[in-house]
Amino acid sequence: MSAGHVRLAQKWHRGREFLGCEHAILGGAMSWVSERNLVSAISNAGGFGVIACGAMNPELLDTEIRETRARTDKPFGVNLITMHPQLSELIDVCAKHEVGHIVLAGGLPPGGAIERIKATGARLIAFAPALSLAKKLMRSGADAIVIEGMEAGGHIGPVSTSVLAQEILPYICRDIPVFVAGGIGRGEAIAAFLEMGAAGVQLGTKFVCATESIAHANFKRAFIRASARDAVPSVQLDARLPVIPVRALKNKETERFTAKQREIAEHLDGKKLEMAEAQLQIEHYWAGALRRAVVDGDVETGSVMAGQSVGMVTREEPTADIIRELVDEAAAALARRG
Ligand SMILES: Cc1cc2nc3c(=O)[nH]c(=O)nc-3n(C[C@H](O)[C@H](O)[C@H](O)COP(=O)(O)O)c2cc1C
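- The name given to the protein in an unreviewed UniProt entry is Enoyl-[acyl-carrier-protein] reductase [FMN], with the source organism recorded as uncultured Sphingomonas sp.

Rendered as structure tokens:
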């Protein structure tokens, strides 16, 4: 082991301990992409795979966890979306399988969800888009925090990874493990965040073109062709309908989303829809649009969610090679710093 690798092992020791894996790299859950094959490949390569439950019902999640376990004896987690109408049942499925880590995404958890997760014995990882929320989540029982900047693929907040890291890490990284996500494509960036106090990192975009990823060949091809500037956030059409922006590759889907927003805004105006239901409809829209692109390969009218690090995805390659390269780059960067 080189001096750089030894330093890296020390730097992300806390993250490795927390996750129970060799490298403190979470494979960020990606709906339709982070299923048994990619998740087990990430965990088998020493990272930490996370199943994206997305819109799955409890039976589907049950099968996915079982099938992932059949492919790896290493730890992996499950990502649940807070606004899923069957959140409690999904937590029960995780409990049944003694899932060690549950990642809660999609806004502040509804009452009782944190307690229910903690009662299963699982460690809870939560997203914090601001320091005050990170502290609130810590007080409520989160065991680790993910801070994700707007460079990321999928649903995004308004603040960049570099600013979030500066605003949050110095104040809480001694109290709780923090994983940094959004825009990470090389190990040098991993080394930098570890030096700022992160316990580890979370990457999504970089794993989409892994050989083990079941994403359609068209989806992978679109990633390989794209550069950072092609991954753009969706635009909010109507101030009355607050939609969380989604970062995806530019294509015809943008027009469809505009039409969908217009339709929902009209229903809100006509009082045919409550705001919570409107937002759920938007989420269903995204789940369907992403499925069309990932599963069916319709990269024209489907949503090709991708982060700005897409420009650093240049070929299809085995998950183990992706992780090895990131680790070597991070180790070399730390070694250079002396
Ligand atoms: C195609 C795609 C789908 C995603 N789906 C989800 C999801 O279902 N739940 C979630 O919490 N995050 C989701 N994300 C975000 C990732 O988990 C991860 O945090 C993000 O990709 C990290 O930023 P990066 O893309 O710059 O590496 C998705 C990202 C992508 C690219």
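## Describing the sheet that holds strand β3 (residues 77–81)
Stage number 1. In space, the eight strands of this closed barrel follow the order β1-β2-β3-β4-β5-β6-β8-β9, with parallel pairing throughout. Across the sheet, the axes of successive neighbouring strands diverge by a mean angle of 25°, strand direction being ignored.
Stage number 2. As paired strands, strand β1 (residues 25–27) and strand β2 (residues 48–52) are joined by two bridges and run parallel to one another. The partner of G27 across the bridge, within β2, is G49.
Stage number 3. Relative to the sheet, helix α3 (residues 36–44) contacts β1 and β2, its axis offset from that of β2 by approximately 165°.

## Quick word on the site of the ligand
Stage number 1. In the vicinity of the ligand lie 27 residues, with G28, G153, G154, G204 and G307 positioned nearest.
Stage number 2. Tallied by class, the residues present in the shell around the ligand amount to eleven nonpolar, 13 polar and three charged.
Stage number 3. Mapped onto the domain boundaries, the shell around the ligand takes at least three residues apiece from domain 1 (3–214 + 312–336) and domain 2 (217–308).

## Describing the sheet that holds strand β10 (residues 231–233)
Stage number 1. What the three strands build is an open sheet, ordered β7-β11-β10; its pairing is antiparallel. A single partner strand is all that each edge strand has here, and the edge strands are β7 (154–155) and β10.
Stage number 2. The pairing of β7 with strand β11 (residues 246–249) spans two bridges and is antiparallel. By the bridge assignment for β11, G154 is matched with R247.

## Overview of the domain arrangement of the protein
Stage number 1. Partitioning the protein into structural domains gives domain 1 (3–214 + 312–336) and domain 2 (217–308).
Stage number 2. With 22 residues of domain 1 at the interface, the matching set in domain 2 holds 20 residues.
Stage number 3. Each residue belonging to the side of domain 1 that touches domain 2 can be placed in one class, and the counts come to nine nonpolar, ten polar and three charged.

## A short note on the nonpolar core
Across soluble globular proteins, you tend to see nonpolar side chains buried next to one another.
Stage number 1. In terms of nonpolar packing, the biggest core is built from 110 residues, with I102, I145, I147, F179 and V201 touching the most fellow members.
Stage number 2. The greatest single-element share of this core, amounting to eight residues, is contributed by helix α13 (residues 319–336).
Stage number 3. With residues up to four places along the chain from it excluded, the contact list for V201 reads I25, F179, V180, A181, I184, I190 and F193.

## Things to note about the packing of α3 against helix α4 (residues 58–71)
Any two packed helices are characterised by the angle at which their axes cross and by the distance between the axes.
Stage number 1. Interhelical geometry of α3 versus α4 gives an angle of 40° and a closest axis separation of 9 Å. Considered as vectors, α3 and α4 are oriented oblique to each other. The handedness of the crossing between α3 and α4 comes out as right-handed. Between α3 and α4, the contacting residues are R36, V39 and S40 on the first element and E64, E67, T68 and R71 on the second.

Scoring rules and cut-offs
Residues numbered from 1 in each chain as written. Predicted model: local features only at pLDDT ≥ 70, side-chain atom pairs only at ≥ 80, totals over all residues. Pairing = 2+ DSSP bridges. Helix = DSSP H or I, 4+ residues; strand = E, 2+ residues; numbered from the N terminus. Axes fitted to C-alpha atoms, helices over the stretch in contact; angles between N-to-C directions. Contact = placed C-beta atoms within 7 Å. Near = placed C-beta within 6 Å. Nonpolar A, V, L, I, M, F, W, Y, C, P; charged D, E, K, R; others polar. Domains from an automatic or database assignment. Core = buried A, V, L, I, M, F, W, Y, C linked by C-beta atoms within 7 Å. Buried ≥ 20, exposed ≤ 12 C-beta atoms within 10 Å, placed from the backbone. Parallel < 35°, antiparallel > 145°, perpendicular 65-115°, else oblique. Left-handed = near helix turned anticlockwise from the far one by under 90°.

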